[in-house]
Amino acid sequence: MRPPPKGVPVSVGAATAPRASPSDDSARASGMAVNIGAAATWSAASQQSSRSDLTGHDRLFGAANAFEDSLYVLPADADERARLHMQHVVIRSLFGGNFHTPQRELFANEEACAKILDVGCGTGSWCIDMAKQFPHAPVTGVDLVSYEHAELPRNVTFELGNVLEGLRFSDRTFDFVYQRLLVLALPKESVTSVIKELIRVTKPGGYIQLHEKGTEEDEERVASGPASVLFNSAIAALEARGVDPTLGLEDVRGLVRIVPVRINIHLPKVTDVEKFGWNGPIGQLFLADMRKFFNGMKPFLLKALDVTEETFSQLIEDALQQCKSELIYAKYYVAFGQVAR
């Protein structure tokens, strides 16, 4: 994350995501965020991970007992569920919708029955949105953990699965495959094989859409202040676990070119939170998302920083205040590609 250069517009890239109108997602953001507590419960909430680096912490880490070796550093509990839904609302609002491929008519066609897959679906907020918007399109979400929902659209299904071990679906199954912000769970050396797996399960003529944070080429680490300490410590903690947090969409697009399957990648849209204003509804949600994110990484960051929990909590608040005062921002990309017919 970095402050915008003086005199230079904040929005960059081949295309900029449209601003959501006041009556659209940004206006609904606060209300949607409030109602997430009872939306889903983690089905294995009583099973505590035994990973030694998390001993003494009261949040549930690790992706259920079947996947305790997951690289993912964030917990799987009610607070993380709330954060993931909050993040969904922010990203949907920033980019003006849940998808950007030219498939709206296909998804809405009752006879076509287009199949949609979300890899790394988390709590399933995106899947549920898509299922409600397109009731004739079967939507499947796959993740390491399973969430129970009080009520679901009839056309949505959630399954346990690990893309690193291969998806259970047959070749050429889905018309649209979606993956968002999964780099924190992927070792760098596995990204090419993951892209191949997404292509494998996509029908010829179908689309893959990737949503990731910007790469280090796009942004500089914050030079000084509490934000610098917090962000750079988080990056170091992730790198120590074998995760490359700078592996954003540009890297993915480059890797797609070396995959021996023809796929045409469209230039990404680029957006950032700051253009909506840190004090607006979306900016406030993003700050809340960041607060929960860093608190979720607390076991790793306490060790890396060697500070007390009280000092750590204050560091987060000071860092977020610096984000607001210096207009520090992060870039997020969305790109999609069509698998050759």
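Chemist: Explain the overall build of the protein to me, please; I cannot follow it from the model alone.
Modeler: For the protein, the helix and strand inventory stands at ten helices and eleven strands. Looking at the 341 residues of the protein, the share that counts as buried comes to 57%. Nonlocal contacts in the protein, meaning residues at least 24 apart in sequence, comprise 75% of its contacts between residues at least 6 apart. For the protein, the accessible area works out to roughly 15,300 Å², and carbon and sulfur atoms hold 50% of it.

Chemist: Mind showing me how you'd approach the packing of aromatic side chains here?
Modeler: Here a ring pair, both rings aromatic, is described through the centre-centre distance and the interplanar angle of the planes. The tally for this structure, following the rule as stated, stands at twelve aromatic pairs. Look at Phe 99 and Phe 176: their rings are 6.3 Å apart centre to centre, the planes differ by 65 degrees, and that puts the pair in the edge-to-face class. With Phe 99 in the loop between helix H2 (78-95) and helix H3 (104-108) and Phe 176 in strand E7 (residues 174-180), the pair connects residues that are 77 residues apart, well separated along the chain. One aromatic cluster is present, built from ring pairs that chain together Phe 99, Phe 107, Trp 126, Phe 134, Phe 176 and Tyr 178.

Chemist: Looking at this structure, I do not really get the packing of helix H8 (residues 281-296) against helix H10 (residues 309-325). What am I missing?
Modeler: Packed helix pairs are specified by the crossing angle of their axes together with the interaxial distance, meaning the distance between the axes. Their axes nearest at 10 Å, the elements H8 and H10 cross at an angle of 150 degrees. In terms of orientation, H8 and H10 fall into the roughly antiparallel class. In this structure, the crossing between H8 and H10 has a hand that is right-handed. For the pair formed by H8 and H10, the contact residues are Gln 284, Leu 287, Met 290, Arg 291, Phe 294 and Asn 295 on the first element and Phe 312, Ile 316, Glu 317, Leu 320, Cys 323 and Lys 324 on the second. Of the residues in the contact of H8 with H10, the class split is seven nonpolar, two polar and three charged.

Chemist: Which parts of the structure should I look at to understand the side chain of Arg 180?
Modeler: Mapped onto the elements of the fold, Arg 180 is located in strand E7. Within the buried set, Arg 180 has no salt-bridge partner at all; the shortest N-O distance to an opposite charge, 6.3 Å, is to Asp 118. Setting aside its immediate chain neighbours within four residues, Arg 180 contacts His 88, Ile 91, Val 119, Trp 126, His 211 and Glu 212.

Chemist: Can you walk me through the nonpolar core in this structure?
Modeler: Nonpolar side chains in soluble globular proteins tend to be buried together. Formed by 41 residues in total, the largest nonpolar core has its most connected members in Leu 230, Phe 231, Met 290, Phe 294, Met 297 and Leu 301. At the level of secondary structure, the elements contributing two or more residues to this core comprise H2, helix H6 (225-240), H8, helix H9 (298-305), H10 and strand E11 (331-339). Among all residues touching Leu 230, those that are not within four sequence positions of it are Phe 294, Leu 301, Phe 312, Leu 315, Ile 316 and Ala 319. Within the second largest apolar cluster, 20 residues are counted, among which are Val 163, Phe 169, Val 177 and Leu 182.

Chemist: Looking at this structure, I do not really get unusual backbone geometry. What am I missing?
Modeler: The general pattern is negative phi for most residues beyond glycine and trans for most peptide bonds. In this structure, Arg 172 is a non-glycine residue whose phi angle is positive, near 55 degrees. With respect to the secondary-structure elements, Arg 172 resides in the loop between strand E6 (156-160) and E7. Taking the relative accessible area as the measure of exposure, Arg 172 reaches 59% and is therefore exposed. Within the chain, Asp 306 stands out as a residue other than glycine whose phi angle is a positive 55 degrees. As for its position among the elements, Asp 306 is in the loop between H9 and H10. Exposure remark for Asp 306: the relative accessible area of 68% places this residue in the exposed category.

Chemist: How should I be thinking about the environment of Gly 122 in this particular structure?
Modeler: Relative to the helices and strands, Gly 122 resides in the loop between strand E3 (116-119) and helix H4 (125-133). Residue Gly 122 is classed as buried on the basis of its relative accessible area of 15%. Between the C-alpha atoms of Gly 122 and Ala 76, which are 46 residues apart in sequence, the distance is 9.2 Å.

Chemist: Would you mind going over the pattern of salt bridges with me for this structure?
Modeler: Pairs can form between side chains of opposite charge once their charged atoms are near each other. For the structure shown, the criterion picks out nine salt bridges. Arg 83 is the partner of Glu 80 in a salt bridge, and the nearest nitrogen-oxygen pair spans 2.8 Å. On the criterion of helical spacing, the pair formed by Glu 80 and Arg 83 is a turn pair, its members being three residues apart in helix H2. Here Glu 80 and Arg 83 have matching classes, each one buried.

Chemist: In this structure, what is going on with H2? I would like to understand it.
Modeler: In an α-helix, one turn spans 3.6 residues, which is why side chains three or four residues apart end up on the same side. With 18 residues, H2 should reach 26 Å at 1.5 Å per residue; the first-to-last C-alpha distance of 26 Å fits that figure. A large share of H2 lies buried, amounting to 16 of its 18 residues. For H2, the N-terminal capping position is held by Asp 77, with its side-chain oxygen 3.4 Å away from the main-chain nitrogen of Asp 79. In the stretch just after H2, Gly 96 is the one whose phi turns positive, near 75 degrees.

Quick notes on the rules
- Residues numbered from 1 in each chain as written.
- Predicted model: local features only at pLDDT ≥ 70, side-chain atom pairs only at ≥ 80, totals over all residues.
- Heavy atoms only, no water.
- Helix = DSSP H or I, 4+ residues; strand = E, 2+ residues; numbered from the N terminus.
- Buried < 20%, exposed > 50% of the residue type's maximum accessible area, 1.4 Å probe, protein only.
- Contact = heavy atoms within 4.5 Å.
- Areas by Shrake-Rupley, 256 points an atom, 1.4 Å probe, with all protein chains shown as cover.
- Phe/Tyr/Trp six-rings, centres within 6.5 Å; stacked < 30°, edge-to-face > 60°.
- Axes fitted to C-alpha atoms, helices over the stretch in contact; angles between N-to-C directions.
- Parallel < 35°, antiparallel > 145°, perpendicular 65-115°, else oblique.
- Left-handed = near helix turned anticlockwise from the far one by under 90°.
- Nonpolar A, V, L, I, M, F, W, Y, C, P; charged D, E, K, R; others polar.
- Lys, Arg positive; Asp, Glu negative; His and termini not counted.
- Salt bridge = Lys/Arg side-chain N within 4 Å of Asp/Glu carboxyl O.
- Core = buried A, V, L, I, M, F, W, Y, C linked by side-chain atoms within 4.5 Å.
- Expected span 1.5 Å × (residues − 1).
- Polar contact = N/O pair within 3.5 Å; in protein donor to acceptor, adjacent residues only side chain to side chain.

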